[in-house]
Protein chains: 2
Amino acid sequence: MTAATPQRRPIGVTAKVIAILEAFTGMPPGDGGLTLTEICRRAGLPLATGHRLVGELTAGGFLERSADGAYRIGLRLWRIATRTPVAAGLRELALPHMEDLYAATQENVQLAVLREGRALYIERLRGPRSVPIVTRVGAELPLHATGVGKVLLAFADPARQEEIIAAGLPAHTAHTITDPDRLRTELAEVRRQGYALTREEMTLGSCSVAAPVRDGRCRVIAAISLVARSGATDPRRLAPTVLTAARALSRDIATAWPDIP
Amino acid sequence: MTAATPQRRPIGVTAKVIAILEAFTGMPPGDGGLTLTEICRRAGLPLATGHRLVGELTAGGFLERSADGAYRIGLRLWRIATRTPVAAGLRELALPHMEDLYAATQENVQLAVLREGRALYIERLRGPRSVPIVTRVGAELPLHATGVGKVLLAFADPARQEEIIAAGLPAHTAHTITDPDRLRTELAEVRRQGYALTREEMTLGSCSVAAPVRDGRCRVIAAISLVARSGATDPRRLAPTVLTAARALSRDIATAWPDIP
């Protein structure tokens, strides 16, 4: 596992830098970092090239090397990333409403956007007395099996919807909707009622209710959800609460970004 | 404002990529992004080089170009940054305790770490009925004028402390401690009592109380604070609350990362 790996191909320095940094996604938080060899293997780079670029990224503060020799993503990169519009703007506007939802229900609260056919989780507040949840900030989950995902899919343009449905609907539990026609019916229902429900479709024991978050032009740009223990709570009873918070957040977005392109 | 700028000097591609991405820090959230010319000017790069590298970063998802032609930091970079230990690990562990503090006090709650002689804000929860605060996630504020900063400085090693004091103590209000000896006395008091107070030292109308967050080896790795309206609240009365949350978080950190190097 040194220089020669199947992924290796001639690419520019920028693409190599991106590949090195990408090697760190998918790692669990708080873990031991990556060695130089692991970075090169994941990035598909020869060790010599990797060594030089990792050194430059470390000198620039994009990577940090700890006493045990492992590399981790550096605070300088993190600081830049806080300027991502969705992280800085949307998250900043959403957090007070997410706190309201949490205070009112004591359940898990999540905020997600559509990214490359999946639901990307931007923020979450965990209810300590609620059901444990599989998401974390930065995680991506399938659209058809999650509440936020169903909302994002239901309000995506029809061509995009069909593309995502055509890419396959894998089962995550026995309750996941895997039949395209059943999912189409469900998405129509989401548009009709204005919110989405899931019942143990992603994780056994969890149910959720999700509502669309809109910009000043009424386009759905995100989804907000409550995830609760199934059985203990009927998710449908939480729908008005989530809808109220989603509408309040949408109003704040319209006020904050009146000139959104 | 095209090719020739005073900052330009021969640097490697990695350093140029870092300079381009760094151009986006310091921008207010939710704003209009940067044009190619602005990026090149801030990064000190010729337009041709900048054009090529910005194109490569956009192709790789590290930058995103909107309909109005402005560039913003992309979600792919943001996703990588969520793997920063301090963002993923520390923030994840801290959030429930920050929510507790917020629920108990309805005041602003902040979490910061020491970075390059300043307090870097990792997370904050805003109290909607509390005083407006100047920090945002990713912002850096001076150590000597903030509650979290005084805690981080008080528990930094003495050589580092003197270095930071020697770098100067600019006044942010008439109440900022600008005299080195008075600050040294204050830091000794912070170590003695185990928490820091500020009274309108960074912003008129705001006071704060901050407590140290420790790892499993009892080293101070972060600080947590409440920021309240001065006059309305005596920050000293909030100290036991902040200390309780800081200790609970420190215990969680020791449990989560028993083998921290």
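These numbers come from a predicted model, not from an experiment.

A. Looking closely at the relation of the copies chain A and chain B. For the pair chain A and chain B, the best superposition has an RMSD of 0.0 Å and corresponds to a rotation of 180° with a translation of 0.0 Å parallel to the axis. The symmetry that links the two subunits is that of a two-fold axis. Comparing interface residues between copies, 100% of those in chain A also lie at the interface in chain B; the contact surface is shared.

B. Main features of the domain arrangement of chain A. Looking at chain A, the domain boundaries give domain 1 (13-81) and domain 2 (85-256). Taking the mean C-alpha position of each, domain 1 of chain A and domain 2 of chain A sit 32 Å from one another.

C. The arrangement of the sheet that holds strand S7 (residues 206-214) of chain A in detail. Residue and element names in this part refer to chain A. Strand order in the open sheet formed by six strands is S5-S4-S3-S8-S7-S6, with antiparallel pairing between adjacent strands. If you trace the sheet from one side to the other, it starts and ends with strand S5 (140-142) and strand S6 (196-199), each paired once. Direction aside, neighbouring strands of the sheet carry axes that sit 30° apart on average. Pairing of strand S3 (residues 108-115) with strand S4 (residues 118-125), which is carried by seven bridges, proceeds in the antiparallel orientation. Residue pairing for S4: Gln 110 is matched across the bridge by Arg 124.

D. Local environment of helix H1 (residues 13-22) of chain A. Across the 10 residues of H1(A), seven count as buried, placing the element largely inside the fold. Buried within H1(A) are the following residues: A:Thr14, A:Lys16, A:Val17, A:Ile18, A:Ala19, A:Ile20 and A:Leu21.

E. Here's a closer look at unusual backbone geometry. Residues other than glycine seldom take positive phi values, yet A:Glu116 does so here, at roughly 50°. Counting through the fold element by element, A:Glu116 comes out in the loop between S3 and S4.

F. Geometry of the packing of helix H5 (residues 85-105) of chain B against helix H9 (residues 235-256) of chain B. Residue and element names in this part refer to chain B. Relative orientation of the contacting elements H5 and H9 amounts to 155°, with a least axis distance of 10 Å. The orientation of H5 with respect to H9, classified from their angle, is roughly antiparallel. Both H5 and H9 take part in a crossing whose hand is right-handed. Side by side, H5 and H9 meet where Leu 90, Leu 93, Ala 94, His 97, Leu 101 and Thr 105 of the first sit next to Leu 238, Thr 241, Val 242, Ala 245, Ala 248, Leu 249, Asp 252, Ile 253 and Ala 256 of the second. Looking at the contact of H5 with H9 residue by residue, the class counts come to 11 nonpolar, three polar and one charged.

G. Spatial organisation of the packing of helix H2 (residues 36-43) of chain A against helix H3 (residues 47-59) of chain A. All names here are of chain A. In the contact formed by H2 and H3, the axes pass within 9 Å of each other and the chain directions differ by 110°. Between H2 and H3, the angle falls in the class roughly perpendicular. Of the two possible hands of crossing, H2 and H3 adopt the one that is right-handed. Residue-level inspection shows Leu 36, Thr 37, Ile 39 and Cys 40 of H2 in contact with H3, the latter providing Leu 47, Gly 50, His 51 and Val 54. Looking at the contact of H2 with H3 residue by residue, the class counts come to five nonpolar, three polar and no charged.

H. Spotlight on the interface of chain A and chain B. Every contact between the two is made by 58 residues of chain A and, on the other side, 58 residues of chain B. Applying the counting rule to chain A against chain B returns eight salt bridges. Of the charged contacts in the structure, one is a salt bridge between A:Arg76 and B:Glu22, with a shortest N-O distance of 2.3 Å. Viewed at the interface, chain B and chain A are joined by 10 residue pairs in polar contact (both at pLDDT 80 or more). Elements with a contribution of two residues or more to the side of chain A that touches chain B: H1, H3, strand S2 (71-73), helix H4 (75-81), helix H5 (85-105), S3 and S4 of chain A. When residues of the side of chain A that touches chain B are assigned to their parent elements, the largest contribution, 11 residues, is made by H5(A). Broken down by class, the residue content of the side of chain A that touches chain B amounts to 32 nonpolar, 10 polar and 16 charged.

I. Here's a closer look at the pairing of S6(A). Residues and elements named next belong to chain A. Sheet topology note: the S6/S7 ladder contains four bridges and is antiparallel. Residue pairing in the sheet places Leu 197 in a bridge with Val 209 of S7. As consecutive antiparallel partners, S6 and S7 are separated by six residues, and within that stretch Glu 200 has a phi angle of approximately 55°, a positive value.

J. Looking closely at the sheet that holds strand S5 (residues 140-142) of chain B. Residue and element names in this part refer to chain B. Read across the sheet, six strands follow the order S5-S4-S3-S8-S7-S6 without closing on themselves; strand pairing throughout is antiparallel. On the outer flanks of this sheet lie S5 and strand S6 (196-199), each paired with one strand and no other. Taking each pair of neighbouring strands and ignoring which way they run, the sheet shows an average axis angle of 30°. In this fold H9 packs onto strand S3 (108-115), S6, strand S7 (206-214) and strand S8 (220-229), with an angle of close to 25° to the strand it touches most, S7.

Rules behind the numbers
- Residues numbered from 1 in each chain as written.
- Chains lettered and ligands numbered in written order.
- Predicted model: local features only at pLDDT ≥ 70, side-chain atom pairs only at ≥ 80, totals over all residues.
- Heavy atoms only, no water.
- Least-squares fit on C-alpha atoms with pLDDT ≥ 70 in both.
- Contact = heavy atoms within 4.5 Å.
- Domains from an automatic or database assignment.
- Pairing = 2+ DSSP bridges.
- Helix = DSSP H or I, 4+ residues; strand = E, 2+ residues; numbered from the N terminus.
- Axes fitted to C-alpha atoms, helices over the stretch in contact; angles between N-to-C directions.
- Buried < 20%, exposed > 50% of the residue type's maximum accessible area, 1.4 Å probe, protein only.
- Parallel < 35°, antiparallel > 145°, perpendicular 65-115°, else oblique.
- Left-handed = near helix turned anticlockwise from the far one by under 90°.
- Nonpolar A, V, L, I, M, F, W, Y, C, P; charged D, E, K, R; others polar.
- Salt bridge = Lys/Arg side-chain N within 4 Å of Asp/Glu carboxyl O.
- Polar contact = N/O pair within 3.5 Å; in protein donor to acceptor, adjacent residues only side chain to side chain.

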